[in-house]
Amino acid sequence: MRRQDFPILQEEMNGSPLVYLDNAATTQKPALVLHAMDAYYRTSNANVHRAAHGLADEATRAYEGARDRLRHFINAAHREEIIFTSGTTASINLLAATLGSRLGRGDRILITELEHHSNIVPWQLLAERTGASLIAARVTESGDVDLDDFHKKLQPAPAIVAFGHVSNALGSVHPIAGMIRAARDAGAITVIDGAQALAHLPVDVQALGCDFYAGSAHKMYGPTGTGLLYGRRELLEALPPWQGGGEMIEEVTLTGSTWNALPYKFEAGTPNIAGVIGFGAAIEFLEGLSWDDVRSHEQRLISRCVAELRQMPEVRLVGEPAERAGVVSFLVEGSHPHDIGTLLDQQGVAVRTGHHCAMPLMTCLGVPGTVRASFGLYNSDDDVDRFVTALRKSLTFI
Amino acid sequence: MSTLEEIRESFSFFDDWEDKYRFIIDLGRELPQMPEDQKRDENLVRGCQSQVWLTATFDPDDRLHLTMDSDAHIVRGLIAIVLAAYDGQPRTSVSGIDIEGLFDELDLMKHLSPTRGNGLKAMIGRIRSLSAS
């Protein structure tokens, strides 16, 4: 759907249209996003918030307009609960840096074995710094979170519980509403890595009841270098600032400073203005679609892909989760994922191979990595068929 | 094991990617496997996508002898090309070997780019620094 809105998908690679199945790494950008960013630089480039001139007003309106769109998109209660960052990784690092003052020796941070390195390493660093310990709920053979183990590890209560909404490596959609409820009942702060969810599922942070939710614009049809951190207002207000600099201060003297109000307290320095404006345009694009249409289209492609892969005796699906979004991961017997990725690439099919920045998960599943085909809303039945044909041909090489 | 001349000659006959990659995979099949006990961490370069092992020794004539392996077929084939270029060369010649030029000539340069994460580029760096020391 909406393929015609994406200029790059009109281009040919080696004489045939590119089959782009690496959407979990980054999505392509619709013309609406490209135009919004181009127009900002052409007609309203100025630094936001500070100047008294008209151009700055225009830039500030566009930048803050994106915040309003984001607030509506994830149904945050207040616009100042939306912090712009450079991406999910920065959002989680911001939290790991600022939540540290609440942690001490003996405290626990609970994650799951399915996490992306971005939702592991910042917590590892925090644990090292504070003497806290990092523990992980187990993954089941199907690639879901082992909920019994998760619940067991909520006692004694961890200070922080952080987990993904959708697994980037396997596509598993975790039952996060129940997990958040259980973690909050135990008294933990909840942090959700939504990088792989926001392009595929409606997200309502108030209904979920999470404390924090992080995402990246470039995985939801927006530009790179821009992301989101949602946080409940009272928590954000209680946290110390992260980076210091311009914009985030109220008053600076040589003996001390006071902090600007939310959300600016967490947006030090000149922000990625063009990126945020592009992010806003991506949200406008997504809000022009129906989630039912997006979800049913993507689910149909994934079902078709999974059904075809099941027909091939050499292929083993890695992860068969209860609910899937965006991703199909698999291995081919007798070959390495890198071989399959290289042979598919030769045929104009872009997939991802390797550990998908989830090395602990690969170790738990006992695989060296996987081949990952990941879908976006512009992919078509034809893309699935061409991928399957190219894969069948690749199998003849091995 | 194919020599560099044989590899160059075979490549000159390929007119599509399929023949070329079937040949690379065959080169990989012919490559002797590294004994498992040598596949130790200190001999390993971990790429994002595949791994490469390397041991290098110099004989009494100060010629380089390499044993290399990978967990991926295509990377093993590329290793066979690397070995054809380096194995048995005098230490003093190693820095002068233009492996990038060779891969460029064979239209395989993308496999040496740092973004492919197959460990091969780092491995060539290791061969060069071992020979310089």
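1. Quick look at the overall build of chain B
Here comes step 1: Within chain B one finds 6 helices and 3 strands.
Here comes step 2: In sequence order, chain B lays out its α and β elements as α-α-β-β-β-α-α-α-α.
Here comes step 3: Overall, the C-alpha framework of chain B stretches about 40 × 30 × 25 Å when taken along its three principal axes.
Here comes step 4: Considering only contacts within chain B whose residues lie at least 6 apart along the sequence, 58% involve residues at least 24 apart.
Here comes step 5: As displayed, chain B offers around 6500 Å² of accessible surface, 48% of which is attributable to carbon and sulfur atoms.

2. Description of the pairing of strand S4 (residues 82-85) of chain A
Residues and elements named next belong to chain A.
Here comes step 1: Of the two faces of S4, the one carrying Ile82 and Phe84 and the one carrying Ile83 and Thr85 are both buried.
Here comes step 2: Sheet topology note: the S4/strand S10 (residues 227-231) ladder contains 4 bridges and is antiparallel. Residue pairing in the sheet places isoleucine 83 in a bridge with leucine 229 of S10.

3. As for the sheet that holds S10 of chain A
All names here are of chain A.
Here comes step 1: The strand order across the open sheet built from 7 strands is S4-S10-S9-S8-S7-S5-S6, with neighbouring strands paired in mixed fashion. A single partner strand is all that each edge strand has here, and the edge strands are S4 and strand S6 (133-137). Going from strand to strand, the sheet's axes swing by 20° on average, the running direction of each strand aside.
Here comes step 2: Seen against the sheet, helix H4 (residues 121-130) touches strand S5 (108-112), S6, strand S7 (160-164) and strand S8 (189-193) and runs at an angle of roughly 165° to S5.

4. With respect to the pattern of salt bridges
Residue and element names in this part refer to chain A.
Here comes step 1: Applying the stated criterion across every chain yields a total of 33 salt bridges over all chains.
Here comes step 2: A salt bridge links glutamate 267 to arginine 67, with the shortest nitrogen-to-oxygen separation between them at 2.8 Å. Linking glutamate 267 in the loop between strand S12 (256-259) and helix H9 (273-287) with arginine 67 in helix H2 (residues 54-74), this pair joins segments that are 200 residues apart in sequence. Neither glutamate 267 nor arginine 67 differs from the other in exposure class; each is buried.
Here comes step 3: Each of Glu64, Arg67, Asp68, Arg79 and Glu267 takes part in a single network of salt bridges with overlapping partners.

5. Digging into helix H3 (residues 73-86) of chain B
Here comes step 1: Between the first and last C-alpha of H3 of chain B there are 20 Å, a value that for 14 residues agrees with the 20 Å anticipated at 1.5 Å per step.
Here comes step 2: In terms of burial, H3 of chain B is a largely internal element, 13 of the 14 residues being buried.

6. Notes on the nonpolar core
Considering soluble globular proteins, one finds that nonpolar side chains tend to be buried as a cluster.
Here comes step 1: Within the largest apolar cluster, 78 residues are counted, with the highest numbers of intra-cluster contacts made by Ile74, Phe150, Tyr213 and Leu377 of chain A.
Here comes step 2: A total of 10 residues in this core trace back to one element, the largest contributor, which is H9 of chain A.
Here comes step 3: Here this core spans two domains, since at least three of its residues come from each of domain 1 (3-21 + 290-395) and domain 2 (33-287) of chain A.
Here comes step 4: With residues near it in sequence (within four places) discarded, tyrosine 213 of chain A still touches His165, Ile192, Gly194, Ala197, Leu198, Val203, Val205, Leu208, Leu228, Leu229 and Tyr230 of chain A.
Here comes step 5: Residues Phe23, Val75, Leu102 and Leu120 of chain B belong to the second largest nonpolar core, which totals 42 residues.

7. A closer look at the domain arrangement of chain A
Buried accessible area, meaning the area lost when the parts come together, often serves as the stated size of an interface.
Residues and elements named next belong to chain A.
Here comes step 1: On domain assignment, one finds that chain A holds domain 1 (3-21 + 290-395) and domain 2 (33-287).
Here comes step 2: The interface is formed by 33 residues belonging to domain 1 together with 29 residues belonging to domain 2.
Here comes step 3: The contact between domain 1 and domain 2 buries some 2400 Å² in all, and 65% of this surface belongs to carbon and sulfur atoms.
Here comes step 4: The three residues of domain 1 that bury the most area against domain 2 are Trp291, Cys357 and Leu361, which together make up 26% of that side's buried surface.
Here comes step 5: Here domain 1 and domain 2 share 13 residue pairs in polar contact (both at pLDDT 80 or more) between them.
Here comes step 6: Among the elements that line the side of domain 1 that touches domain 2, the one with the most residues is helix H12 (residues 359-365), at 6 residues.

8. Looking at the packing of H3 of chain B against helix H6 (residues 120-132) of chain B
All names here are of chain B.
Here comes step 1: For the pair H3 and H6, the least separation of the axes is 12 Å and the interaxial angle reads 25°. It follows that H3 is roughly parallel to H6 by the angle criterion. Every pair of crossing elements has a handedness; the one defined by H3 and H6 is right-handed. Residues Val75, Leu78, Ile79, Val82 and Tyr86 of H3 form the contact with H6, whose own contacting residues are Leu120, Ile124, Ile127 and Arg128.
Here comes step 2: The residue inventory of the contact of H3 with H6, partitioned by class, reads 8 nonpolar, no polar and 1 charged.

9. Overview of the pairing of strand S2 (residues 51-58) of chain B
Residue and element names in this part refer to chain B.
Here comes step 1: Bridge count between strand S1 (residues 44-46) and S2: 3 bridges; the pairing is antiparallel. Within the sheet, the bridge partner assigned to leucine 44 lies in S2 and is tryptophan 53.
Here comes step 2: Where S2 and strand S3 (residues 64-70) come together, 7 bridges link them in antiparallel fashion. Across the sheet, residue threonine 55 finds its bridge partner in S3, namely threonine 67.
Here comes step 3: Following S2, the chain reverses through 5 residues before pairing antiparallel with S3; aspartate 62 in that reversal takes a positive phi of roughly 65°.

10. Considerations on helix H1 (residues 31-43) of chain A
Here comes step 1: Helix length check: H1 of chain A, at 13 residues, gives a terminal C-alpha distance of 17 Å against a target of 18 Å (1.5 Å per residue), a fit within 8%.
Here comes step 2: Summarising the contacts, the buried residues of H1 of chain A are in contact with H2 and H9 of chain A.

11. Focus on the sheet that holds strand S14 (residues 327-332) of chain A
Residues and elements named next belong to chain A.
Here comes step 1: If you trace the 4 strands from one edge of the open sheet to the other, you get S13-S14-S17-S16, paired in antiparallel fashion. On the outer flanks of this sheet lie strand S13 (315-317) and strand S16 (352-354), each paired with one strand and no other. With direction set aside, neighbouring strand axes in the sheet form an average angle of 30°.
Here comes step 2: With 3 bridges joining them, S16 and strand S17 (residues 370-374) adopt antiparallel strand pairing. Bridge pairing links glycine 354 to threonine 370 in S17.
Here comes step 3: Set on the sheet, helix H10 (residues 291-310) makes contact with S13 and S14; between it and S14 the angle comes to about 15°.
Here comes step 4: Of the strands in this sheet, S14, S16 and S17 are in contact with helix H11 (residues 337-346), which crosses S16 at around 160°.

About the criteria used
- Residues numbered from 1 in each chain as written.
- Chains lettered and ligands numbered in written order.
- Predicted model: local features only at pLDDT ≥ 70, side-chain atom pairs only at ≥ 80, totals over all residues.
- Heavy atoms only, no water.
- Helix = DSSP H or I, 4+ residues; strand = E, 2+ residues; numbered from the N terminus.
- Contact = heavy atoms within 4.5 Å.
- Areas by Shrake-Rupley, 256 points an atom, 1.4 Å probe, with all protein chains shown as cover.
- Buried < 20%, exposed > 50% of the residue type's maximum accessible area, 1.4 Å probe, protein only.
- Pairing = 2+ DSSP bridges.
- Axes fitted to C-alpha atoms, helices over the stretch in contact; angles between N-to-C directions.
- Salt bridge = Lys/Arg side-chain N within 4 Å of Asp/Glu carboxyl O.
- Expected span 1.5 Å × (residues − 1).
- Core = buried A, V, L, I, M, F, W, Y, C linked by side-chain atoms within 4.5 Å.
- Domains from an automatic or database assignment.
- Buried area = accessible area lost by both parts, 1.4 Å probe.
- Polar contact = N/O pair within 3.5 Å; in protein donor to acceptor, adjacent residues only side chain to side chain.
- Parallel < 35°, antiparallel > 145°, perpendicular 65-115°, else oblique.
- Left-handed = near helix turned anticlockwise from the far one by under 90°.
- Nonpolar A, V, L, I, M, F, W, Y, C, P; charged D, E, K, R; others polar.

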